[in-house]
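These are the residues of each chain, in order.
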Amino acid sequence: MDEIYQEYAQTVYKYLLSKTHNEDLAEELTQETFLQAIRGIDRFDGKCKLSTWLCAIAKNLFLTYLRKRHVHEDVDEMELPVASAEENALENLGKLELFQMLHNLEEPYREVTYLRVFGGLSFQEIGQILGKTENWARVTYYRGKEKIRKELDEK
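The shown structure was predicted, so the numbers you read here are calculated from the model rather than taken from an experiment.

## Examining the overall build of the protein
Line of reasoning, step 1. When helices and strands are tallied, the protein shows 8 helices and 0 strands.
Line of reasoning, step 2. Listing every helix and strand of the protein by position from the N terminus yields α-α-α-α-α-α-α-α.
Line of reasoning, step 3. In the protein, buried positions account for 38% of the 155 residues.
Line of reasoning, step 4. Counted over contacts in the protein with a minimum sequence separation of 6, partners at least 24 positions apart contribute 56%.
Line of reasoning, step 5. Summed over all atoms, the accessible surface of the protein reaches about 9500 Å², with 47% contributed by carbon and sulfur.

See the structure below:
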């Protein structure tokens, strides 16, 4: 299990950070993810990648956290990490408008964009988490950005 933790802990942490926007919470949920994985290893059937299974556990733990805590963060208090110049343009929109536009994206564009922009994940990591290829992640991210640009042009 130590080898599995060493190999996948960073991926799970980045995934959770993209969801929580909180380093401490992401770290706590990462630890809980691996605890749950140890307890439920007999349920891993090998039909998906181990990273996909771990991120599914992480996602369920985060959703449970939200239900238990009724979390409603104030958008103004959220920090938006900017990974590159292309995300800088999104930052200039204003946080509320940005979140509304991202929220209105259909899946899988929304999740890929969250993982890339807020999680700082590489396209390879995004592909691993979602059980797709690196190229699929790149194309999906690009198409999501284009949908946002098109919406901006219409305003």
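## Details of the side chain of Thr 140
Line of reasoning, step 1. Within the secondary structure layout, Thr 140 lies in helix 8 (residues 134–154).
Line of reasoning, step 2. Judged by relative accessible area, Thr 140 falls into the buried class, the value being 5%.

## What about unusual backbone geometry?
Line of reasoning, step 1. Here the bond from Glu 107 into Pro 108 is cis, since omega is 5°, no more than 30 degrees from zero.
Line of reasoning, step 2. Along the chain, Pro 108 turns up in the loop between helix 5 (95–104) and helix 6 (109–117).

## Things to note about helix 8
Line of reasoning, step 1. Taking 1.5 Å of rise per residue, the 21 residues of helix 8 would be expected to cover 30 Å, and the 31 Å separating its terminal C-alpha atoms lies within 8% of that figure.
Line of reasoning, step 2. Here helix 8 has its buried residues at Ala 137, Thr 140, Tyr 141, Gly 144, Lys 145 and Ile 148. The arc that holds every buried residue of helix 8, seen down its axis, measures 135°, which confines them to one face. Opposite the buried face of helix 8, at more than 90 degrees from it, the exposed residues are Asn 135, Lys 150, Asp 153 and Glu 154.

## Notes on the confidence of the model for the protein
Line of reasoning, step 1. Put simply, the protein has an average pLDDT of 78, and 81% of its residues get 70 or more.
Line of reasoning, step 2. Averaged pLDDT values for the elements of the protein fall to 50 in helix 4 (residues 85–91) and rise to 90 in helix 2 (residues 23–39).
Line of reasoning, step 3. Scored below 50 in pLDDT, residues 71–86 shows 23 contacts in the model against residues more than four places distant or in partner chains.

## Overview of the packing of aromatic side chains
Line of reasoning, step 1. For the coordinates displayed, the defined rule picks out 3 aromatic pairs.
Line of reasoning, step 2. Between Phe 44 and Trp 53, the aromatic rings sit 5.0 Å apart at their centres with planes inclined by 50°, giving tilted as the arrangement.
Line of reasoning, step 3. Judged by relative accessible area, which is 14%, Trp 53 ranks as buried.
Line of reasoning, step 4. When the ring of Phe 123 is compared with that of Tyr 141, the centres are 5.6 Å apart and the planes differ by 55°; the resulting orientation is tilted. Remark: Tyr 141 occurs in helix 8 and Phe 123 occurs in helix 7 (residues 123–130); sequence separation between them is 18 residues.
Line of reasoning, step 5. Since its relative accessible area comes to 9%, Phe 123 is described here as buried.
Line of reasoning, step 6. Residue placement shows Arg 116 over the ring face of Phe 123; its charged tip is 4.0 Å from the ring centre.
Line of reasoning, step 7. Just above the ring of Trp 136 sits the side chain of Lys 132; from NZ or CZ to the centre is 5.4 Å.

Thresholds, definitions, all that
- Residues numbered from 1 in each chain as written.
- Predicted model: local features only at pLDDT ≥ 70, side-chain atom pairs only at ≥ 80, totals over all residues.
- Heavy atoms only, no water.
- Helix = DSSP H or I, 4+ residues; strand = E, 2+ residues; numbered from the N terminus.
- Buried < 20%, exposed > 50% of the residue type's maximum accessible area, 1.4 Å probe, protein only.
- Contact = heavy atoms within 4.5 Å.
- Areas by Shrake-Rupley, 256 points an atom, 1.4 Å probe, with all protein chains shown as cover.
- Expected span 1.5 Å × (residues − 1).
- Arc of directions from axis to C-beta.
- pLDDT = per-residue confidence, 0-100.
- Phe/Tyr/Trp six-rings, centres within 6.5 Å; stacked < 30°, edge-to-face > 60°.
- Lys NZ or Arg CZ within 6 Å of the ring centre and 35° of its normal.

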